Amino acid sequence: MATPMTATQAVTQLKKWGIRYAEIPGWATHNRNQVGAWGPLNGFIWHHTGADITAANARSYAAGMLYNGRSDLPGPLCHFSIGIDGIVYLVGWGRANHAGGGDPAVLQHVINEDYTGRLRPTKGNSNGVDGNSHFYGVEIQYSGSHPMADAQYKTALRLSAAICDFHGWSEKSVIAHGEWSSDKWDPGNAPSQLMNMPGVRDDVAATLGAGPTQEDDPMAGITKQDIYDAVWKTDQVAAPADAPDAKTNPNWQPQSYLKDIAVRVRAIQAQEAAQSAAIATLAKLVGSGVDTAAVVAAVQQAIKDAVVKVSVDVTTDSKGA
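Basis of the calculations
Residues numbered from 1 in each chain as written. Predicted model: local features only at pLDDT ≥ 70, side-chain atom pairs only at ≥ 80, totals over all residues. Heavy atoms only, no water. Phe/Tyr/Trp six-rings, centres within 6.5 Å; stacked < 30°, edge-to-face > 60°. Helix = DSSP H or I, 4+ residues; strand = E, 2+ residues; numbered from the N terminus. Buried < 20%, exposed > 50% of the residue type's maximum accessible area, 1.4 Å probe, protein only. Lys NZ or Arg CZ within 6 Å of the ring centre and 35° of its normal. Pairing = 2+ DSSP bridges.

Novice: Looking at this structure, I do not really get the packing of aromatic side chains. What am I missing?
Specialist: Both the distance between ring centres and the angle between the ring planes are used here to describe each pair of aromatic rings. The final tally for this structure, using the stated rule, is nine aromatic pairs. On the numbers, 5.6 Å between centres and 75° between planes, the contact of Phe80 with Trp93 is edge-to-face. One end of the pair, Phe80, is in strand 5 (residues 80-82); the other, Trp93, is in the loop between strand 6 (88-90) and strand 7 (101-102), with 13 residues separating them in the sequence. Overall, Trp93 belongs to the buried group, its relative accessible area being 5%. Relative to Tyr136, the ring of Trp93 has its centre 5.8 Å away and its plane inclined at 35°; by these criteria the two rings are tilted. Separated by 43 residues along the polypeptide, Trp93 in the loop between strand 6 and strand 7 and Tyr136 in strand 9 (residues 135-140) bring together distant segments of the chain. Among the aromatic residues, ring-to-ring pairing joins Trp27, Trp38, Phe44, Phe80, Trp93, Tyr136 and Trp169 into one connected group. The ring of Tyr115 carries Lys172 above its face, with NZ or CZ at 5.8 Å from the centroid.

Shown next as structure tokens:
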């Protein structure tokens, strides 16, 4: 049995184990503590969402369904959620509606860490003991009708190891919802088929044994085209009311400032080239009394100063947007 981690300690463990994460606003105090106990804790339960969530919708799903819950089941519905790309979303901290009722015999096995193979519960949500007070829970964002994404699985292992590491638990404190409750089958791996949890626990043990390691560089494999697309091809959104160009730019987006700077600098560079050429031609017509190089250098410096001023002005304007 263990005292629950604080929200701060949970974040520290994620960092220690090199887990990429995102915080849903309010998660650290979002819970159901007013209706029941949370702790002492005995283990960590894996769930699946029952639907495949794309990477683009992962955060909104965590901040919506998992944070708020349903009309018949208030949120939070988990503590952690793992997107298809392996990012962990922090959804709630404290008692959460994720485990429901389960088998007291399973709970005792998890407390004692004295079992082998798969746990087979004989009680479920309607006739079991309260699991929300005894377990951390993660919702893995996939349907369960196929294997989860490799990034999700690796993160689930690392997250399990981070929790076990903090409490001094072994891999036998990590179970499936389908091992806790007789009327559940998550996290699945095929239609209505529970994952091979003994194999999962072997992988958790190996992850624990390897110790905390940092994830691969999230920028690995990212090309210049990927960066271009991310910065310059974002979804268009409405302009904030206080944006300087809200009325003149109906498709305002934060990156518009970057585009504006680029457009202005390129225009100035074109003007510089044209003016330099014109001055050089003019100097030849005037005669040898004109220091062409000095005139061109002075013009170029003035234009460079103007470029700096444009950049500073645009950056200053953008602070209010």
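Novice: Explanation requested: the pairing of strand 2 (residues 43-48) in the structure shown.
Specialist: Within a regular strand, the side chains alternate between the two sheet faces. Where burial is concerned, most of strand 2 is hidden: six out of the six residues are buried. Side chains Gly43, Ile45 and His47 project from strand 2 onto one buried face, and the interleaved Phe44, Trp46 and His48 project onto a second face that is buried too. The pairing of strand 2 with strand 9 spans six bridges and is classified as parallel. Residue pairing across strands places Gly43 opposite Phe135, the latter belonging to strand 9. Relative to strand 10 (residues 174-176), strand 2 runs parallel, the two sharing three bridges. Looking at strand 10, one finds that Ile45 is bridged to Ile175.

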